[in-house]
Amino acid sequence: VEIKSEGFTDALIRRSGTVLRGESASPSVRRFTSGFGVPTWMAVPLMHGREINGFLGVGFLQEGRRFSAEDERLLIGIAHLASLSLRTARLVQDL
């Protein structure tokens, strides 16, 4: 999915290393993500140092579901591992 909303990427950059949740997102970000049909979501940037290489997002399709603090910690951990994997793949590719 190509992201054409500066509001969404700007929000991830401003909150680098932390989770962006749908319910706490700005109105412009909520308008952008409403097109995905996922009422409850959270996203975290894939970081290497201060460089953002993408983002990882998850969501619930059912209205009213909420993520727990444990869900947030798990997403951050998975994003960290995914970022390390991307970095390793790039280093191997450069050999």
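For the structure itself, look to the data block above.
Below or above, wherever it landed, is the structure these notes cover. (Residues numbered from 1 in each chain as written. Predicted model: local features only at pLDDT ≥ 70, side-chain atom pairs only at ≥ 80, totals over all residues. Heavy atoms only, no water.)

1. What to know about the overall build of the protein chain
Thought 1: What the protein chain contains, in helices and strands, is three helices and three strands.
Thought 2: The order of α-helices and β-strands along the protein chain, N terminus first, is α-β-α-β-β-α.
Thought 3: Buried residues in the protein chain amount to 26% of all 95 residues.
Thought 4: Intrachain contacts of the protein chain at a sequence separation of at least 6 include 48% that bridge at least 24 residues.
Thought 5: Accessible surface for the protein chain amounts to roughly 6,400 Å². Of this, 56% is attributable to carbon and sulfur atoms. (Helix = DSSP H or I, 4+ residues; strand = E, 2+ residues; numbered from the N terminus. Buried < 20%, exposed > 50% of the residue type's maximum accessible area, 1.4 Å probe, protein only. Contact = heavy atoms within 4.5 Å. Areas by Shrake-Rupley, 256 points an atom, 1.4 Å probe, with all protein chains shown as cover.)

2. Notes on the pattern of salt bridges
Should the charged atoms of two oppositely charged side chains come close, the side chains can pair.
Thought 1: A complete count under the given rule lists one salt bridge for this structure.
Thought 2: A salt bridge links Glu70 to Arg73, with the nearest nitrogen and oxygen atoms 2.8 Å apart. You can see Glu70 and its partner Arg73 sitting in helix H3 (residues 69-94), three residues apart, about one turn around the helix.
Thought 3: With relative accessibility at 47%, the residue Glu70 sits in the partly exposed group.
Thought 4: Under the relative-accessibility criterion, Arg73 is labelled exposed at 52%. (Salt bridge = Lys/Arg side-chain N within 4 Å of Asp/Glu carboxyl O.)

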